[in-house]
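# Notes for the structure review
Spelled out from the first residue to the last, the chains are:
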Amino acid sequence: MTETAAGTRSGNAGLLLAVMSAVQFLDAMDIASIGPALPLLQRDLGMSPEALQWVVSGYALGFGGFLLLGGRLADLFDRRRLLLGWLVVFVVASHVGGLTNEGLILVIARLLKGVSAGFTAPVAMALLLDTFREERARNRALGTFLAISSSGFSLGLVFGGALAQLDWRLVFLLPAAVGVVVALVAAAVVPRDRTRRTRTGRLDVLGAMLVAGAAITLVYGVSQASIVGWSHPLTLAALGGSALLLALLLVVERGHPAPLIPLSIFARAGLVRANVGMLMFGAYVAFQFVLTLYYEGTLGWSPLQTALSFLLGGLLTGTTARYWAAAVTRFGAWPVATAGLFLLAAGYAVWAVLIGRAEPLAVLLIQQVLGGLGFPAAYSALNIAAVAGAGQQEQGLASGLFNASAQLGTSLITAVTATMLVANGGAMVGGYRAGLWTVVAVSLAITLLSALGTRTPQP
């Protein structure tokens, strides 16, 4: 391929962007759409509450545990083969999950879908960055890419509620059908890499095992904390095991001639700050968690009504993300990220102050406008900051780190929020308010960190 004046590599760049966006949309929607279906599949499959939470946690374990490995392999191996192979895994696992009558098989299917996303998400981002290389063209493409992917997070609840209203199995089977189409189009559009060859030299297998193990035990520990408590031996053992594996990883990576995660990548302050900033996604999911309990448990809304309550924010996210990405080119990543994070925190604070004291629909409208503008601004700017300056051999790893931060942050902040909710009255207004103030506190801390980034050179 040759590079054009527009800053892209020649070929079907527009169609490739559409396909990579569809891949990311599938991964994002998978995270959010399962929520409204949980009570229905629990009833049909006879799953206990403890087993049911693994339908969510299993996906998080697979996704969070393999994102870094997937990102690094995207830099070392043929990206086309990785993408197509793991799309096939996604399709098969989705079909199995939609057809099974056994809770254990459903959890395994969700785990495999999470592992698949752990590979396809960083591969899709790496392919996009390799196609759009000039800053303006790259940010414009990222705007479209992030608009579609962030819409998947926002609209996944809506789709999940609508599909679950018909049959919860459609939450699995419809994405499987779409996945087949995406895989077929990707096979035709993604170019064969004439320069990249599968490497036969030393692969950092031990590093890969330690990364996956540390991430999986961390996700497991924080997911269990909200169930058995932070001081429970199981929680402490998982968190301690994760810390030990992470320490071993640092030792191994420093001495390996071809490390899975070159530690030099953390010398880029923008990448580190963007990964910490991506805890905003965990705060966003925790906020949805609290509001879903409030809507259905206190207000008596149906799953579909709850899902539709997030529709306005999802529509604003999908229609404004590309403009926020363009604003990054003009103003820099950190001013845009700070503005978005402030809007998100303000929206959460509105609910924390007014829950139980004002008309829910009025509060909902205010928050959805603030969040629908703030989420795409922060998500787009942080993503651009994370991958800015990444070389061709770092694109997958940078994207994997960014997505891993989102996934691990989701588990951690949701667990902390759930603990605060239970400790302050549970499914009552006082409990909901405590959970919401936890989200506000996290969001304000991230906003402050982002604001400090405005004093450094902009990516």
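Treat the numbers as computed from the prediction; the structure is a model and nothing was measured. (Residues numbered from 1 in each chain as written. Predicted model: local features only at pLDDT ≥ 70, side-chain atom pairs only at ≥ 80, totals over all residues. Heavy atoms only, no water.)

Right, let's talk about the pattern of salt bridges for a bit. Two side chains carrying opposite charge are able to pair once their charged atoms lie near each other. Within the structure shown, the criterion is met by 3 salt bridges. The closest approach of N and O atoms between R43 and D44, which form a salt bridge, is 3.1 Å. For R43, a relative accessible area of 58% translates into the label exposed. With a shortest N-O distance of 3.9 Å, D130 and R79 are connected by a salt bridge. With a gap of 51 residues between them, D130 in helix α5 (residues 103-131) and R79 in helix α4 (residues 79-99) connect regions that are remote in the sequence. We note that D130, like R79, is buried. (Salt bridge = Lys/Arg side-chain N within 4 Å of Asp/Glu carboxyl O. Buried < 20%, exposed > 50% of the residue type's maximum accessible area, 1.4 Å probe, protein only. Helix = DSSP H or I, 4+ residues; strand = E, 2+ residues; numbered from the N terminus.)

This paragraph deals with the packing of aromatic side chains. Centre-to-centre distance and the angle between the planes together describe a pair of aromatic rings. Taken as a whole, this structure holds 17 aromatic pairs when the rule is applied. Each ring, one from F287 and one from Y348, has its centre 4.7 Å from the other, and the planes form 35 degrees; the classification is tilted. Linking F287 in helix α11 (residues 279-298) with Y348 in helix α14 (residues 333-354), this pair joins segments that are 61 residues apart in sequence. One exposure class covers both F287 and Y348, and it is buried. Ring plane angle 75 degrees and centroid distance 5.4 Å describe the contact between Y294 and Y432, whose orientation is recorded as edge-to-face. (Phe/Tyr/Trp six-rings, centres within 6.5 Å; stacked < 30°, edge-to-face > 60°.)

Looking at the secondary structure, you find R110 in helix α5. We note that R110 is buried and unpaired, the nearest opposite charge coming from D30 at a distance of 4.2 Å. In contact with R110, other than residues within four places in its own chain, are D30, I34, V55, V56, G58, Y59 and F172. (Lys, Arg positive; Asp, Glu negative; His and termini not counted. Contact = heavy atoms within 4.5 Å.)

On the surface, a cluster of nonpolar side chains totalling about 300 Å² of accessible area is made up of V88, V92, V96 and I105. It is α4 that contributes the most residues to the nonpolar patch, 3 residues altogether. One can find I105 in helix α5. Looking at I105, the relative accessible area reads 36%, which means it is partly exposed. (Patch = residues over 30% accessible without salt bridge, like charges linked within 9 Å, V, L, I, M, F, W, Y side chains within 5 Å. Areas by Shrake-Rupley, 256 points an atom, 1.4 Å probe, with all protein chains shown as cover.)

With that settled, the discussion passes to helix α16 (residues 395-423). The periodicity of an α-helix, 3.6 residues per turn, causes residues three or four positions apart to be oriented the same way. Compared with an ideal rise of 1.5 Å per residue, which puts 29 residues at 42 Å, α16 spans 42 Å between its outermost C-alpha atoms and is within 8% of the ideal. Within α16, 22 of the 29 residues are buried, leaving the element largely enclosed by the surrounding structure. Following α16 by one or two positions, G425 adopts a phi angle in the positive range, close to 115 degrees. (Expected span 1.5 Å × (residues − 1).)

In this fold, G318 is placed in helix α13 (residues 311-331). Distance in space between the C-alpha atoms of G318 and S149 is 8.4 Å, their sequence separation being 169 residues. Residue contacts for G318: discarding those within four places in its chain leaves A147 and S151.

The next point concerns the nonpolar core. M20, L83, M280, F281 and W351 are the most contacted members of the largest nonpolar core, which totals 108 residues. Broken down by element, this core gets its largest block of residues, 12 residues, from helix α15 (residues 360-387). Setting aside chain neighbours within four positions, we find M20 in contact with L83, A124, L127, F145 and V190. (Core = buried A, V, L, I, M, F, W, Y, C linked by side-chain atoms within 4.5 Å.)

It is worth stressing that arrangement in space is one thing and function is another; only the former is reported here.
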